[in-house]
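Coordinate analysis (summary)
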Amino acid sequence: MTQDVRWRKSSYSGGGDGNTCVEVAHTHPHISIRDSKAPSRATLTFPATAFASFIEALKAGSPAGPDGCPPG
């Protein structure tokens, strides 16, 4: 069974054709990310809960890395 994946471009993809950033797709129960300049290349896939935590940390301005520890 194949899943119909709907990719959305980041709101920060830049002007013009908006082809300079990333695209995301909800592929339940995961979130997939790909380069909008090379959509046929590999994607990164994360559990939706981990991706939500990552986005919340970005919004909060957290300096923590993906493991929850500060960089360095």
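On a predicted model such as this, the values are computed, not experimentally measured, just so you know.

Quick look at the overall build of the chain now. In terms of regular secondary structure, the chain is built from one helix and four strands. Secondary structure of the chain in N-to-C order comes out as β-β-β-β-α. Across the 72 residues that make up the chain, the buried fraction comes to 17%. Long-range pairs, those at least 24 residues apart, make up 11% of the contacts in the chain between residues at least 6 apart in sequence. Summing over all exposed atoms, the chain offers an accessible surface of approximately 5,700 Å²; the carbon and sulfur share of this is 59%.

For helix α1 (residues 48-60), spanning 13 residues, the distance from its first C-alpha to its last is 18 Å, which sits close to the expected 18 Å at 1.5 Å a residue. Positive phi shows up at G61, right after α1, with a value of about 75°.

Glancing now at the packing of aromatic side chains. Tallying each qualifying case throughout the model produces one aromatic pair. Aromatic side chains F51 and F54 sit 6.2 Å apart centroid to centroid with 40° between the ring planes, which places their arrangement in the tilted category. One end of the pair, F51, and the other, F54, are both in helix α1, three residues apart, so they sit about a helical turn from each other.

Reading the values: the criteria
- Residues numbered from 1 in each chain as written.
- Predicted model: local features only at pLDDT ≥ 70, side-chain atom pairs only at ≥ 80, totals over all residues.
- Heavy atoms only, no water.
- Helix = DSSP H or I, 4+ residues; strand = E, 2+ residues; numbered from the N terminus.
- Buried < 20%, exposed > 50% of the residue type's maximum accessible area, 1.4 Å probe, protein only.
- Contact = heavy atoms within 4.5 Å.
- Areas by Shrake-Rupley, 256 points an atom, 1.4 Å probe, with all protein chains shown as cover.
- Expected span 1.5 Å × (residues − 1).
- Phe/Tyr/Trp six-rings, centres within 6.5 Å; stacked < 30°, edge-to-face > 60°.

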